[in-house]
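Residue strings, one per chain:
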Amino acid sequence: MFQTRALARPASHPRLLSFGFICLSFVLLLSLPAKAEETASDDLIVSHGYSFYGDLKYGPDFEHFDFVNPDAPKGGEISFAALGTFDSMNPYTVKGRRGQLSWFMYESLLGDGAADTYGEGYCLLCERLEYPPTKDWVIFHMRPEARFSDGTPLTAHDVLFSHNLLLEQGLPSYAAAVKKRIPKAEVLDDYRIKFYFTEGISRRSLIDQVGGVPVWSKKWFEETGARLDESRLETSPGSGPYMVDTVDVNRRIVYKRNPDYWGKDLPINQGRHNFDSIRVEYFGDDTASFEAFKAGEYTFRQEGDSKKWATLYDFPKINDGFVVKTELPDGTPPTPSGIVFNLGREILQDKRVRQAIALGYNFEWTNESLQYGLFKQRASFTQDTPLMAEGVPEGAELEFLQSLGDIVPPELLTEPALMPHTSNPARLNDRRNLRQAMRLLDEAGWAVGDDGKRRNAAGDPLRLTFLFNTAQEGTLSAVMENFVSNLEKMGVEAILEKVDPSQYTLRERERDYDLVFDAYAAFLGTGTGLMQRYGSDEAAFSVFNPAGLASPLVDAIIQASLLSESTAEEQTTLRALDRALRYEFIMIPLWYNDSYWVAYYDMFDYPDPLPPYALGQLDFWWYNADKAAELRAAGALR
């Protein structure tokens with residue numbers, strides 16, 4: 001039963017999404033769980049890992065994750081491409097463009113969750129954690145053997161320093177949120193640290209929040225005077241399995257496996273981190289990148305361009321069996337990408353204008369004419385999962401929405417969940433949709449003049465700037481150009497402004513656009529990361545909320561989800577959240593692919609089957625030296 005009184009409780013706040021947010025979902029039920037141990041003497045929960053409900057797939061004595069090959073050989077190199085440029089190896093700077101994988105060297109108290117579960121974290125820098133059932137605080141007991149790559153010990157003092165550094169020099173939205181939710185942290189001794197949590201707020205995304213903070217060397221930062229918010233090429237020593245080998249700005253980054261990595265024998269690391277080196281090659285555009293792959297300049301490519309996938313993967317190395325082209329299953333919900341409206345622009349605050357603009361996108365024609373029919377149209381923020389809202393709300397979801405009172409628009413209770421419009425696949429400019437769009441614009445006060453351009457009563461033109469990254473040229477560029485041409489047919493002055501990657505990054509951060517091709521994050525569970533993505537408190541400046549969505553309805557649903565007391569309640573609130581986000585209409589949903597398109601030189605192996613929630617090519621794939629030798633003997637590799 002859902003009670004409106006829960007919404008009167010103090011609000012919780014967002015966490016930094018780039019560290020991941022808790023994803024508690026139905027997948028936890030797919031295996032027999034290992035319950036976190038409880039210490040009867042003081043009623044504390046002591047565990048080797050954490051999930052909100054205390055259920056963990058892997059017990060305290062697990063030897064390795066089920067999806068890895070614990071006997072995978074170490075060695076070799078894997079390489080991939082990056083587009084654009086970089087001028088910094090500090091991934092947390094708000095200036096410049098960070099290099100690919102520049103976060104790769106750093107670890108946290110809780111390691112990356114197993115790729116066959118959601119919402120679970122297992123001890124990495126810590127040996128165990130303890131907390132009361134109320135989750136008012138947590139103590140992490142750290143591993144004394146943990147070391148940075150320069151050989152210096154990693155201690156609780158480094159953890160506290162890193163926590164405070166993020167508050168002082170990290171993203172403002174992160175710092176503001178964390179200070180409200182985590183008022184105090186203290187070092188108990190060299191290998192124990194305690195975090196305290198604010199009374200009266202949701203206990204979601206607290207323990208896993210502090211457990212996910214990357215740990216940096218206090219000694220290095222104090223000796224160098226470096227700042228977290230500055231652009232720099234120097235990197236602090238990390239504690240992870242890889243460290244920087246070479247950096248050639250705008251051309252190449254090479255990471256090498258640390259032969260003295262302190263954590264190589266931990267169960268959480270078995271069968272992982274198998275390559276001796278990981279190389280990133282930079283290219284100005286994807287055409288150059290693809291040609292370099294064919295030539296053997298790098299060895300692994302994940303394709304996103306449907307035209308290339310359908311027509312260009314027939315080069316000799318594929319026909320000769322030197323390069324593997326395959327589709328691998330992707331069990332994660334598709335990224336909610338699309339054409340995002342900047343709701344900070346007055347012109348786009350009228351939903352009728354947004355609806356009209358959306359009608360300029362013809363998925364059916366685009367998919368058949370430009371994308372070879374390879375995609376499906378995305379409708380939901382939780383596409384193809386049990387959390388996807390469908391039809392009119394009923395049962396527990398209807399009861400929950402009704403409990404929220406007048407904040408819920410009446411039509412949300414009686415109309416089916418919003419689905420994308422359909423279009424005529426035979427022609428780009430679907431006349432029926434364009435007529436409907438023109439009626440909406442007329443109703444919104446944007447009349448057509450003698451010159452065919454739309455203006456409001458003050459004579460201002462309906463002008464929209466669509467920011468586009470030149471690194472994304474190719475099929476995507478063609479899709480957006482056709483979309484813009486349909487807007488022009490409506491009388492909209494639409495400008496597809498193509499800028500280089502560095503300008504794009506700067507303008508995206510400053511939200512200097514009307515429309516932008518961007519993405520939010522899919523969700524399978526609740527967590528305060530939802531607030532940072534979709535909530536109102538930081539909507540004006542959060543880089544994770546490109547539309548600037550600030551909706552009391554969405555806020556209320558997220559708050560209720562954070563206070564849910566069972567998996568069933570949580571899933572009901574998140575289904576309502578998907579329904580509400582689609583109602584708010586913050587973006588034009590485009591397409592999705594339910595598999596990974598990959599091509600690679602036939603010298604890599606991977607576990608079969610793959611885990612459902614990660615492709616894992618840099619994590620748990622491995623190098624086959626015999627196959628590599630055959631490729632070199634045949635002249636297939638440079």
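None of the values given here were measured: they were computed from a predicted structure. (Residues numbered from 1 in each chain as written. Predicted model: local features only at pLDDT ≥ 70, side-chain atom pairs only at ≥ 80, totals over all residues. Heavy atoms only, no water.)

What follows covers the packing of aromatic side chains. Ring pairs (aromatic) are described by centroid distance and by the angle formed between their planes. By the definition in use, this model includes 44 aromatic pairs. An aromatic cluster is present here, built from Phe283, Phe290, Phe293, Tyr298, Trp309, Tyr313, Phe315, Phe375, Trp591, Trp597 and Tyr601 joined pairwise through their rings. Seen from the ring of Phe52, Arg204 lies directly overhead, with NZ or CZ sitting 3.9 Å from the centre. For Arg378, the ring lying beneath its charged end belongs to Phe381, and the centroid distance is 5.6 Å. (Phe/Tyr/Trp six-rings, centres within 6.5 Å; stacked < 30°, edge-to-face > 60°. Lys NZ or Arg CZ within 6 Å of the ring centre and 35° of its normal.)

Within helix H8 (residues 351–358), burial applies to Val353, Arg354, Ala356, Ile357 and Ala358. Buried residues along H8 sit in contact with strand S17 (337–341), helix H12 (431–443), strand S21 (463–469), helix H13 (475–489), helix H17 (567–584) and strand S24 (587–589). The backbone nitrogen of Arg352 lies 2.9 Å from a side-chain oxygen of the residue at the head of H8, namely Asp350. (Buried < 20%, exposed > 50% of the residue type's maximum accessible area, 1.4 Å probe, protein only. Helix = DSSP H or I, 4+ residues; strand = E, 2+ residues; numbered from the N terminus. Contact = heavy atoms within 4.5 Å. Polar contact = N/O pair within 3.5 Å; in protein donor to acceptor, adjacent residues only side chain to side chain.)

Moving on, we get to the side chain of Glu120. Along the polypeptide, Glu120 turns up in the loop between strand S6 (77–83) and strand S7 (121–122). At 2.5 Å, the side chain of Glu120 and the side chain of Tyr122 are in polar contact.

A separate point is the confidence of the model for the chain. The predicted coordinates of low-pLDDT regions are not to be read in fine detail. When the pLDDT values of the chain are averaged, the result is 92; 93% of them are 70 or greater. Note on residues 1–35: pLDDT under 50 across the span, and 114 contacts to partners over four residues away in sequence or across chains. Taken together, the stretch residues 37–41 has pLDDT below 50 and engages in nine contacts with residues farther than four places along the chain or on a different chain. (pLDDT = per-residue confidence, 0-100.)

We now examine the pattern of salt bridges. Pairing between side chains of opposite charge can happen when their charged atoms approach one another. Scanning the model with the defined rule gives 36 salt bridges in all. For the salt bridge of Glu222 with Lys218, the shortest nitrogen-to-oxygen distance reads 4.0 Å. Residue Glu222 and its partner Lys218 are both found in helix H4 (residues 218–224); the two are separated by four residues, about one turn of the helix. For Glu222, a relative accessible area of 53% translates into the label exposed. As a salt-bridge pair, Asp248 and Arg251 come within 3.6 Å of each other at their nearest N and O atoms. Here Asp248 falls in the partly exposed class, since its relative accessible area comes to 29%. (Salt bridge = Lys/Arg side-chain N within 4 Å of Asp/Glu carboxyl O.)

With that settled, consider the pairing of strand S26 (residues 595–601). The side chains of a regular strand alternate between the sheet's two faces. Summarising burial for S26: seven of the seven residues are buried, a large majority. The alternating pattern of S26 places Ser595, Trp597, Ala599 and Tyr601 on one face and Tyr596, Val598 and Tyr600 on the opposite face, and all of these are buried. Pairing between strand S15 (residues 300–303) and S26: four bridges, direction antiparallel. Among the inter-strand pairings, Gln302 is bridged to a residue of S26, identified as Val598. In this sheet, S26 lies alongside strand S16 (residues 323–329) in antiparallel orientation, the contact comprising seven bridges. Looking across to S26, one finds that Thr326 is bridged to Val598. (Pairing = 2+ DSSP bridges.)

On to the side chain of Thr299. Looking at where Thr299 falls in the secondary structure, it is placed in the loop between helix H5 (286–295) and S15. Excluding anything up to four places from it in sequence, Thr299 contacts Glu77, Ile78, Ser79, Phe293, Ala599, Tyr600, Tyr601, Met603, Phe604 and Leu637.

Before going further, it helps to examine a nonpolar patch on the surface. Residues Leu233, Val247 and Val249 make up a contiguous nonpolar surface patch of about 190 Å² in total accessible area. Residue position: Val247 is located in strand S12 (residues 242–248). (Patch = residues over 30% accessible without salt bridge, like charges linked within 9 Å, V, L, I, M, F, W, Y side chains within 5 Å. Areas by Shrake-Rupley, 256 points an atom, 1.4 Å probe, with all protein chains shown as cover.)

All right, on to the packing of H8 against H12 then. As a packed pair, H8 and H12 sit with axes 8 Å apart at the nearest point and diverge in direction by 160 degrees. By the angle between their directions, the pair H8 and H12 is classed as roughly antiparallel. Handedness of the H8/H12 crossing: left-handed. Within the contact between the two elements, H8 uses Arg352, Val353, Gln355 and Ala356 and H12 uses Ala437, Leu440, Leu441 and Glu443. Classifying every residue of the contact of H8 with H12 gives five nonpolar, one polar and two charged. (Axes fitted to C-alpha atoms, helices over the stretch in contact; angles between N-to-C directions. Parallel < 35°, antiparallel > 145°, perpendicular 65-115°, else oblique. Left-handed = near helix turned anticlockwise from the far one by under 90°. Nonpolar A, V, L, I, M, F, W, Y, C, P; charged D, E, K, R; others polar.)

On to the environment of Ile193. Here Ile193 shows up in strand S11 (residues 192–196). By relative accessible area, Ile193 is classed as buried at 0%. Separated by 52 residues in sequence, Ile193 and His141 have C-alpha atoms that sit 7.1 Å apart. In this structure, Ile193 is in contact with Val138, Ile139, Phe140, Ala156, Val159, Leu160, Glu186 and Leu188, ignoring residues within four places of it in sequence.

Here the focus is H12. Spanning 13 residues, H12 covers 18 Å between terminal C-alpha atoms, matching the ideal 18 Å at 1.5 Å per step. In this structure, the buried residues of H12 make contact with H8, strand S20 (454–455) and H13. The opening residue of H12 is Asp430, an N-cap whose side-chain oxygen sits 3.0 Å from the backbone nitrogen of Arg432. Gly445 sits one or two residues past H12 and shows a positive phi near 95 degrees. (Expected span 1.5 Å × (residues − 1).)

Turning our attention to the packing of helix H10 (residues 395–403) against H17. The interhelical angle for the contact between H10 and H17, taken along N-to-C directions, is 70 degrees, at an axis separation of 9 Å. Taken together, the axes of H10 and H17 are roughly perpendicular relative to one another. Two secondary-structure elements touch here, H10 through Ala396, Glu397, Phe400 and Leu401 and H17 through Thr572, Thr573, Arg575, Ala576 and Arg579. A breakdown of the residues in the contact of H10 with H17 according to their chemical character gives four nonpolar, two polar and three charged.

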